[in-house]
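What follows is each chain in one-letter form.
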Amino acid sequence: MKLKTIMLSTGAIAAAASAYAAGHGMADSMTLVSWGGAYQASQTNAYSDPYKADHDGLEVVWDESSNEAVAKLRAMNEAGNITWDLVDVVASDAIRLCDEGLALEIDHDEVLAAAPDGTPASEDFGDLLVSDCFIPQIVYSTTVGYRTDLVGDTAPTDICAIFDLEAYPGKRSLEKRPINNMEWALLCDGVAKADVYDVLSTEAGQDQALAKLDTIKDNVVWWSAGADTPQLLADGEVVMGSTYNGRLFSLIEEQDQPVAMLWDAQVFDLDGWIVPAGLPEDRLARVMDFLHFATDTQRLADQAKYISYGPARASSAPLVGQHATLGIDMAPHMPTDPANATNTFLYNYEWWADYRDDLDAKFQAWLAK
């Protein structure tokens, strides 16, 4: 059932901040929800640690439950007990949460900082503002990493290597959800890129994708946490596997593992913040103050010092420089770099927001067979 989304006015934010600053002050703790691993570490380094340095006594607690954000926020709302203050989600989940009234709508130009040259936030983020409840942070991709020492003399060059057990025998790791797997399966079963979501909208198309996945099902290790594939690759337990490009960057560049990136048909996606509906005013005031700080031009550029995800603001891109500790130029490691983006697949946020619950159920039933 769709609930009415809640529009949070700047006046309401200002009133909350003023009232609590004058009285009790803003909340002295904040629970942020993210994905763990290298990505969450980049957020800590670029966002929460600098913010804490400016706010003595503030406690920041991280919860690594973003993969379950929709289900958990639904349960919290039902129980009337919202324990999270700010939640990092993918764009399609933001759309779902917004449609269900579980996330607050905001006016991006009034809540978020303008670019250094005065460009309003809405123009700086541009088309990446896919929902009135969504505050983008990064452009990332889900792609495939492979062990360079386990693929023989001919390294894979296209995504369909996942389905080629003859050329590349061994285990693969794929995420334990339909997203990306269904699209890749159709692409590798002859469906044109432009037709994938039209085909996937039909029962026959869904069955076609699952039938293609059936051809490798016995050779797949299914993962739920972003850290799983990098660990499986590092341990040599899989020959190739899907994960987020930033995780593979960490594995290859920071850990110096014998792994390479397969950029073909990388699936572009967005990640960002939503504010849960129903926060008390002191916690809401704290969150809004943090959001204004953590999503400005410099902070988003700073995150790229720690992980190879492209900042969501146009004004941040020219500020992306070298890795904070490795001293290497980060631009060539971004999914948006021209050399890496010769054949990308554009994730359809709205389609998955509409079909996600049904396909999740169908996919899990297929896994259980």
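Residue numbers run consecutively from 1 along every chain, following the written order of its sequence. Thresholds applied to this predicted model are a pLDDT of at least 70 for local features of residues and 80 or more for the giving and counting of side-chain atom pairs; totals over whole chains, interfaces and linings are not thresholded and use all residues. The basis for the side-chain values is all heavy atoms of the structure; hydrogens and waters are excluded.

## Digging into the overall build of the protein chain
Right, so step 1: We count a stretch as a helix when DSSP gives it H or I for four or more residues in a row; a strand needs E for two or more, and each element gets its number in order from the N terminus. Counting its regular elements, the protein chain contains 14 helices and 12 strands.
Right, so step 2: The C-alpha atoms of the protein chain give a radius of gyration of 21 Å, which matches the 21 Å a tight globule of 369 residues would have.
Right, so step 3: Projected onto its principal axes, the C-alpha positions of the protein chain cover 70 × 50 × 35 Å.
Right, so step 4: Only protein chains enter the accessibility calculation, which uses a 1.4 Å probe; a residue whose area is less than 20% of its type maximum is buried, one above 50% is exposed, and one in between is partly exposed. Residues classed as buried in the protein chain amount to 54% of the 369 residues present.
Right, so step 5: We call two residues in contact whenever any of their non-hydrogen atoms come within 4.5 Å of each other. Taking all contacts inside the protein chain whose residues are at least 6 apart in sequence as the whole, residues at least 24 apart take part in 76%.
Right, so step 6: Only four residue types enter the tally: Lys and Arg on the positive side, Asp and Glu on the negative side, with His and both chain ends excluded. Where a charge lies is defined by one atom per residue type, namely NZ (Lys), CZ (Arg), CG (Asp) and CD (Glu). The protein chain carries 23 positive and 58 negative side-chain charges, and their two centres are separated by 5 Å. Computation of the radius of gyration draws on C-alpha atoms, with the globule rule given as 2.2 Å multiplied by the number of residues to the power 0.38.

## Quick notes on empty space enclosed by the protein
A water-sized probe, rolled over the atoms, reveals where empty space remains.
Right, so step 1: Here a cavity denotes a set of grid points, spaced 1 Å apart and computed over the protein atoms alone, in which a 1.4 Å probe fits but from which it cannot get out, and a pocket denotes an open set meeting protein on both sides within 12 Å along at least five of seven lines; residues with an atom within 4 Å of a point are reported as lining. Grid points are joined across faces, edges and corners, and a volume is the space filled by probe spheres set on the points. Under the defined criterion, the tally for this structure stands at one cavity of 30 Å³ or more.
Right, so step 2: In this model, the largest cavity occupies a volume close to 100 Å³.
Right, so step 3: As for the largest cavity, its lining consists of W35, Y39, V90, I138, Y140, R177, Y244, R247, D271 and Y309.

## Here's the deal with the pairing of strand 6 (residues 135-147)
Right, so step 1: In terms of burial, strand 6 is a largely internal element, 13 of the 13 residues being buried.
Right, so step 2: Only strands that DSSP links by at least two bridges are regarded as paired with each other. The sheet contact formed by strand 6 and strand 10 (residues 259-274) spans 11 bridges and is antiparallel. Counted as the bridge partner of Y146 is A260 from strand 10.
Right, so step 3: With two bridges connecting them, strand 6 and strand 11 (residues 310-311) associate as antiparallel partners. Within the sheet, the bridge partner assigned to V139 lies in strand 11 and is G310.

## Quick word on the confidence of the model for the protein chain
Right, so step 1: Here pLDDT means the predictor's own confidence in every residue, given as a number from 0 to 100. A residue-level look at the protein chain finds 93% of positions with pLDDT of 70 or above and a mean pLDDT of 92.
Right, so step 2: Across residues 1-10 the pLDDT falls below 50, and counting only partners more than four positions away or on other chains, this stretch makes 25 contacts in the model.
Right, so step 3: pLDDT under 50 marks residues 17-23. Its contacts with residues more than four places away, or in other chains, come to five contacts.

## Structural notes on the pattern of salt bridges
Right, so step 1: What makes a salt bridge here is a side-chain nitrogen of Lys or Arg within 4 Å of a carboxyl oxygen of Asp or Glu, nothing more. Overall, the coordinates contain 15 salt bridges when judged by the stated rule.
Right, so step 2: Ionic pairing is found between D357 and R74, a salt bridge with its closest N-O pair at 3.3 Å. Remark: R74 occurs in helix 3 (residues 69-79) and D357 occurs in helix 14 (residues 349-368); sequence separation between them is 283 residues.
Right, so step 3: Overall, the relative accessible area of 42% leaves D357 in the partly exposed class.

## Looking at the state of the cysteines
Right, so step 1: Whenever a pair of cysteine sulfur atoms sits within 2.5 Å, that pair is classed as a disulfide. Evaluation of the coordinates by the stated rule reveals two disulfides.
Right, so step 2: The disulfide that involves C98 links it to C133, with 2.0 Å between the sulfurs. With the S-S dihedral at roughly 65 degrees, the linkage between C98 and C133 falls on the right-handed side. Of this pair, C98 sits in helix 4 (residues 91-99) while C133 sits in the loop between helix 6 (121-125) and strand 6, and the two are 35 residues apart along the sequence.
Right, so step 3: The residue that forms a disulfide with C160 is C188, at a sulfur-sulfur distance of 2.2 Å. What sets the handedness of the C160 and C188 disulfide is the S-S torsion sign, and at about -100 degrees it is left-handed. On the criterion of sequence distance, the pair formed by C160 in the loop between strand 6 and strand 7 (172-175) and C188 in the loop between helix 7 (181-187) and helix 8 (196-200) is long-range, its members being 28 residues apart.
Right, so step 4: Here the bonded cysteines of the protein chain are numbered in sequence order, and their pairing is 1-2, 3-4.

## Describing unusual backbone geometry
Right, so step 1: Unlike most non-glycine residues, N180 shows phi in positive territory, near 75 degrees.
Right, so step 2: On the accessibility criterion, N180 (4% relative accessible area) is buried.

## Concerning helix 3
Right, so step 1: Of all the positions in helix 3, only A69, V70, L73 and M76 are classed as buried. End-on view of helix 3: buried residues confined to an arc of 130 degrees, all on one side of the axis. Exposed residues lying more than 90 degrees from the buried face of helix 3 are A71, E78 and A79.
Right, so step 2: Contacts from the buried residues of helix 3 go to strand 4 (86-90), helix 4 and strand 10.
Right, so step 3: Just beyond helix 3, the residue with positive phi is G80, at close to 70 degrees. Each C-beta atom gives one direction from the helix axis, and the arc is the one those directions make.

## What to know about the environment of V259
Right, so step 1: With respect to the helices, strands and loops of the structure, V259 is situated in strand 10.
Right, so step 2: Separated by 110 residues in sequence, V259 and D149 place their C-alpha atoms 8.1 Å apart.
Right, so step 3: Once residues within four sequence positions are removed from consideration, V259 is found in contact with G145, Y146, R147, T148, L233, L248, L251 and I252.

## With respect to the nonpolar core
Right, so step 1: Buried Ala, Val, Leu, Ile, Met, Phe, Trp, Tyr and Cys residues form a nonpolar core when they are joined through side-chain atoms within 4.5 Å. Counting 89 residues, the largest nonpolar core has I162, L213, I274, V275 and F290 as the members making the most contacts within it.
Right, so step 2: For this core, the element with the highest residue contribution is helix 14, accounting for eight residues.
Right, so step 3: Beyond its immediate chain neighbours, meaning those up to four positions away, V275 contacts D85, L86, L102, A103, L104, L284, V287, M288 and L291.

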